[in-house]
Amino acid sequence: MKLQDELPTVDRRLALVWRVGAALGGIFLIVFGVLGLTHHLGFLDTHGDRIAGLSTNGALSILSIVVGAILVVGAIIGGNFASNLNMVVGVLFVLSGFYGLTVLGRPEANILNFRMSNVLFAFIFGVVVTTFGMYGRVSSHLPHDNPFWRKRIEHEEPQPSGPKTFVKIMNPNPGRTHPVGH
């Protein structure tokens, strides 16, 4: 059984949102990485320059270009792949935010030159990209023409029809109760 076989066919509106989210995130990361590399920073410097308000070094610049390229490829492929990729990359960015929090103030461990602005960016970017990926897939109020709503309804058992009824709850112990120890 493959994951793709379990996912419903995607409608064009959802695929467009997933593609746009992946493309915008990928383009931003590629631009950030290229700008970081043009400043000729050391590969693992812990006191590099700031690009677009974020601190960077060679390693973070290259990593940004690679992740940005993966997101752009996901936007080109589109469909459920773009949605799943957005969710995975978003979660990884949130986790990188936690990594950044743990290495703040420890230059020997801070190999990606994270500062507080990078941590905040990682959390915000991760949540935004994850939201793009989950758009139209996760909600209790999906429209009835949504393929994920239709797929979900196929597996649910039908609700009973007819008028609503009240159920009387019977007291299973009609006599006086005797709590333990009394």
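Before reading on, note that the structure itself is shown above.
Figured I'd write up the structure that's included with this text. Please read these numbers as outputs of a predicted model, since none were measured by experiment.

## Description of the overall build of the protein
A count of helical and extended segments in the protein gives six helices and two strands. N-terminal to C-terminal, the α/β element order of the protein is α-α-β-β-α-α-α-α. Here the protein, with 182 residues, has 34% of them falling under the buried criterion. Within the protein, residue pairs in contact and separated by at least 24 positions form 69% of the contacts whose partners lie at least 6 positions apart. A total of about 12,000 Å² of accessible surface is found on the protein, and carbon and sulfur atoms cover 68% of it.

## Description of the environment of I76
Tracing the backbone through its elements, the reader meets I76 in helix α3 (residues 58–77). In this structure the C-alpha to C-alpha distance between I76 and A22, which are 54 residues apart in sequence, comes to 9.0 Å.

## Comments concerning the nonpolar core
Core analysis: the largest hydrophobic core is formed by 10 residues, namely A22, L29, L71, A75, L85, V89, F93, A122, F125 and V129. Those elements that place two or more of their residues in this core are α2 (12–38), α3, α4 (79–103) and α5 (116–134). Leaving out residues up to four positions away in the same chain, L85 has contacts with I70, L71 and G74. If you look at the next biggest cluster of nonpolar residues, it comprises eight residues, including F32, A59, L112 and F114.

## Regarding unusual backbone geometry
The backbone of N113 sits at a positive phi, close to 60 degrees, despite the residue not being glycine. Within the secondary structure layout, N113 lies in the loop between α4 and α5.

## Concerning the packing of α3 against α4
In the contact formed by α3 and α4, the axes pass within 7 Å of each other and the chain directions differ by 155 degrees. In this view, α3 runs roughly antiparallel relative to α4, as classed from their interaxial angle. The way α3 lies across α4 gives a crossing that is left-handed. The segment α3 lies against α4, with V67, I70, L71, G74 and I77 engaging G79, F81, A82, L85, N86, V89 and F93.

## Overview of the packing of α4 against α5
Running from N to C, α4 and α5 point in directions that differ by 160 degrees, and their axes come no closer than 7 Å. Considered as vectors, α4 and α5 are oriented roughly antiparallel to each other. In this structure, α4 crosses over α5, and the sense of that crossing is left-handed. The residue inventory of the contact of α4 with α5, partitioned by class, reads 16 nonpolar, nine polar and no charged.

## Let's talk about the packing of aromatic side chains
Tallied over the entire structure, the rule returns six aromatic pairs. Plain terms: the ring middles of Y99 and F114 are 5.6 Å apart, the flat faces sit at 75 degrees to each other, and that makes the pair edge-to-face. One end of the pair, Y99, is in helix α4; the other, F114, is in the loop between α4 and α5, with 15 residues separating them in the sequence. Among the residues examined, F114 registers a relative accessible area of 6% and is labelled buried. Through a chain of ring-to-ring contacts, three or more aromatic side chains come together here, namely F28, F93, F121 and F125.

About the criteria used
- Residues numbered from 1 in each chain as written.
- Predicted model: local features only at pLDDT ≥ 70, side-chain atom pairs only at ≥ 80, totals over all residues.
- Heavy atoms only, no water.
- Helix = DSSP H or I, 4+ residues; strand = E, 2+ residues; numbered from the N terminus.
- Buried < 20%, exposed > 50% of the residue type's maximum accessible area, 1.4 Å probe, protein only.
- Contact = heavy atoms within 4.5 Å.
- Areas by Shrake-Rupley, 256 points an atom, 1.4 Å probe, with all protein chains shown as cover.
- Core = buried A, V, L, I, M, F, W, Y, C linked by side-chain atoms within 4.5 Å.
- Axes fitted to C-alpha atoms, helices over the stretch in contact; angles between N-to-C directions.
- Parallel < 35°, antiparallel > 145°, perpendicular 65-115°, else oblique.
- Left-handed = near helix turned anticlockwise from the far one by under 90°.
- Nonpolar A, V, L, I, M, F, W, Y, C, P; charged D, E, K, R; others polar.
- Phe/Tyr/Trp six-rings, centres within 6.5 Å; stacked < 30°, edge-to-face > 60°.

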